[in-house]
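# Overview (structure and organization)
Single-letter residue listing:
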Amino acid sequence: MSNGDAPGSSTQLRADVVLEGGGVRGIGHVGALSIMEEKGYQWGNIAGTSAGAFVAAMLAAGYTASEMYSIMKNEVQFSRFASDSGLDGLLPVEAFHMLQRGGMHTGNFIETFMRQKLSAKGIVTFGDLILNAREPKHSNFRYRLMVIASDISTGTMLRLPQDMELFGLDPDELDIAQAVRMSASIPFFFMPIQQKHADGRASLIVDGGLLSNFPVYLFDVPGVPRRPTFGLRLVDVPPTVEEPWPPNPTGNALEIGRALLNTLLRAHDRLYMDDHTYVRTIAIPVNGISGTKFDLSPQETQTLYQNGRNAAEQFFTTWDFEAYKATYRTGHPPRSRREQLHEHMKRAG
């Protein structure tokens, strides 16, 4: 079972990776990736949603984690992702855009920034990232990169570039920066992307996290895999009396929209994961930092990055791929979490 490997390719310390969305908190992914690269891991198939797509695209283009962190720390002005030329965050303009165009900001800077960084590596379209040309264009294993978006007109998850065939377009020709912009269209915050079908119908494309923020299963194969798929997930520890989450202002329609967005992003932190997903997931604490906090301080940037490094270091103290395969991928599934808990209750009673 190849996980999309070409014949003769080395699988030693080779892995696939799926990066969860989470806005500016995606810096935590870079920290985790830095540890994985230091341990010698090289990447096969890479997928990401929203901020995860942002990091995944740069990783697929050949940027190392250390290069990405340097760019994010020294070059990126996160406030520019949430501002538009000439508007400068004016509340009436933002409210008008959200009501009339479905989002407060155009998101143009995301696409421009991504296109510049990919072009610097000679990467423009998904055709530049073909990993296995023998795979058909709808296959999860043809391209090094997969980006997840949501088509809210049809209520379906989109795998980009593969699902561009649904619109009568060639997946090889899809502009990667545009795909990342689609995946990062956080509802209410950034304007949706309109994508036309061959028959003239139009779909509105928004943040992939709306339908699938953490699709670790994308690169799973039947039977025993030749390499692992790791998931990088951004999580908030539950609030406590000593450290409660700050309340969301809800005094007007715009604040209500922002509160809905923050609730949506945080809800993913509490989603249940089955055991075979949980056991290969690196959970990165985000210390209560909102995914739309585009005024990150240098200290918060460093904290997110270091949290990613710490989480990955801890994960690899116990990770064992051979044990994972023996436990979860031999065709004999272990007892479910419920069965294990019931057995624990019996012993405790």
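Residues numbered from 1 in each chain as written. Predicted model: local features only at pLDDT ≥ 70, side-chain atom pairs only at ≥ 80, totals over all residues. Heavy atoms only, no water.

## Description of the overall build of the protein
Each helix and strand counted, the protein has eleven helices and ten strands in total. For the protein, the residues scored as buried account for 52% of the 349 residues in total. Sequence-distant contacts in the protein: of pairs separated by 6 or more residues, those separated by 24 or more amount to 74%. Only carbon and sulfur atoms are counted for the fraction: they give 54% of the accessible area of the protein, which is about 16100 Å². (Helix = DSSP H or I, 4+ residues; strand = E, 2+ residues; numbered from the N terminus. Buried < 20%, exposed > 50% of the residue type's maximum accessible area, 1.4 Å probe, protein only. Contact = heavy atoms within 4.5 Å. Areas by Shrake-Rupley, 256 points an atom, 1.4 Å probe, with all protein chains shown as cover.)

## Quick look at the packing of helix α1 (residues 27-38) against helix α3 (residues 65-74)
It is the contact of α1 with α3, at a shortest axis distance of 8 Å, that shows an interaxial angle of 150 degrees. In this view, α1 runs roughly antiparallel relative to α3, as classed from their interaxial angle. Regarding α1 and α3, the two cross each other, and that crossing is left-handed. Together, I27, V30, L33, S34 and E37 of α1 and A65, M68, Y69 and M72 of α3 make up the contact between the two elements. Taken together, the residues that form the contact of α1 with α3 break down as seven nonpolar, one polar and one charged. (Axes fitted to C-alpha atoms, helices over the stretch in contact; angles between N-to-C directions. Parallel < 35°, antiparallel > 145°, perpendicular 65-115°, else oblique. Left-handed = near helix turned anticlockwise from the far one by under 90°. Nonpolar A, V, L, I, M, F, W, Y, C, P; charged D, E, K, R; others polar.)

## Focus: the packing of aromatic side chains
Summed over all chains, the structure comprises 18 aromatic pairs. Between F315 and W319 the ring centres are 5.5 Å apart and the planes differ by 20 degrees, which places this aromatic pair in the stacked class. Of the two residues, F315 and W319, neither departs from the other in class, the shared state being buried. Note on W319 and Y324: the rings are 5.6 Å apart at their centroids and 35 degrees apart in plane angle, and the pair reads as tilted. Comparing W319 with Y324 shows no difference in burial state: the two are buried. (Phe/Tyr/Trp six-rings, centres within 6.5 Å; stacked < 30°, edge-to-face > 60°.)

## Section: the pairing of strand β2 (residues 42-49)
Taken across its eight residues, β2 has seven buried, putting it largely inside the fold. Relative to β2, strand β1 (residues 14-19) runs parallel, the two being bridged by five bridges. Among the inter-strand pairings, A15 is bridged to a residue of β2, identified as W43. For the segment spanning β1, α1 and β2, crossover handedness is right-handed. Alignment of β2 against strand β4 (residues 145-151), held across four bridges, turns out to be parallel. Note that in β4 the partner of I46 across the bridge is L145. (Pairing = 2+ DSSP bridges. Right-handed = clockwise from strand over helix to strand, strands pointing away.)

## A word on a nonpolar patch on the surface
A surface patch of nonpolar side chains, about 310 Å² in accessible area, is lined by I152, L204, L210 and L211. Assignment of secondary structure puts I152 in the loop between β4 and β5 (156-160). Overall, I152 belongs to the partly exposed group, its relative accessible area being 42%. (Patch = residues over 30% accessible without salt bridge, like charges linked within 9 Å, V, L, I, M, F, W, Y side chains within 5 Å. Salt bridge = Lys/Arg side-chain N within 4 Å of Asp/Glu carboxyl O.)

## Some words on unusual backbone geometry
With an omega dihedral of 15 degrees, the bond running from L160 to P161 counts as a cis peptide bond. Within the secondary structure layout, P161 lies in the loop between β5 and α6 (176-183). The backbone of S50 sits at a positive phi, close to 55 degrees, despite the residue not being glycine. Inspection of the secondary structure assignment puts S50 in the loop between β2 and α2 (51-61).

## With respect to the pattern of salt bridges
In this structure the tally under the stated criterion is 17 salt bridges. The network of salt bridges with shared partners includes K137, R142, D170 and D172.

## Describing the side chain of R280
Locating R280 in the fold gives a position in the loop between α8 (275-278) and β10 (281-285). When its relative accessible area of 2% is taken as the criterion, R280 is described as buried. With residues up to four places along the chain from it excluded, the contact list for R280 reads V216, D220, T229, F230, G231, F315, W319 and Y324.

## Regarding the confidence of the model for the protein
For the protein, the mean per-residue pLDDT works out to 84, and 78% of the residues sit at or above 70. Across the protein, the secondary-structure element scoring lowest on mean pLDDT is helix α4 (residues 91-101), at 53, and the one scoring highest is α1, at 98. Taken as a whole, residues 86-90 scores under 50 in pLDDT and shows three contacts with residues more than four places along the chain or in a different chain. (pLDDT = per-residue confidence, 0-100.)

## Looking at the side chain of R142
In this structure, R142 sits in the loop between α5 (108-119) and β4. A residue is classified by how much of its surface remains accessible, and R142, at 8% relative accessible area, is buried. Separated by 3.1 Å, the side chains of R142 and D172 make a polar contact. In contact with R142, not counting residues within four places along its chain, are L129, I130, L131, N132, A133, E135, P136, K137 and D172. (Polar contact = N/O pair within 3.5 Å; in protein donor to acceptor, adjacent residues only side chain to side chain.)

## Comments concerning α3
Spacing of three or four residues puts side chains on the same side of an α-helix, whose turn is 3.6 residues. When we look at burial in α3, the residues that qualify are A65, M68, Y69, I71 and M72. Projected down its long axis, α3 carries its buried residues within an arc of 160 degrees, all on one side. In this structure, the buried side of α3 is in contact with α1, α2, α5 and α9 (298-315). (Arc of directions from axis to C-beta.)

## Structural notes on the packing of α2 against α5
One can describe the packing of α2 onto α5 by two numbers: an axis separation of 10 Å at closest approach and a directional angle of 15 degrees. The pairing of α2 with α5 is recorded here as roughly parallel in orientation. Note on packing geometry: the crossing formed by α2 with α5 is right-handed. Contacts between α2 and α5 involve F54, A57, M58 and A61 from the former and I110, F113, M114, K117 and L118 from the latter. In terms of residue class, the contact of α2 with α5 is made up of eight nonpolar, no polar and one charged.

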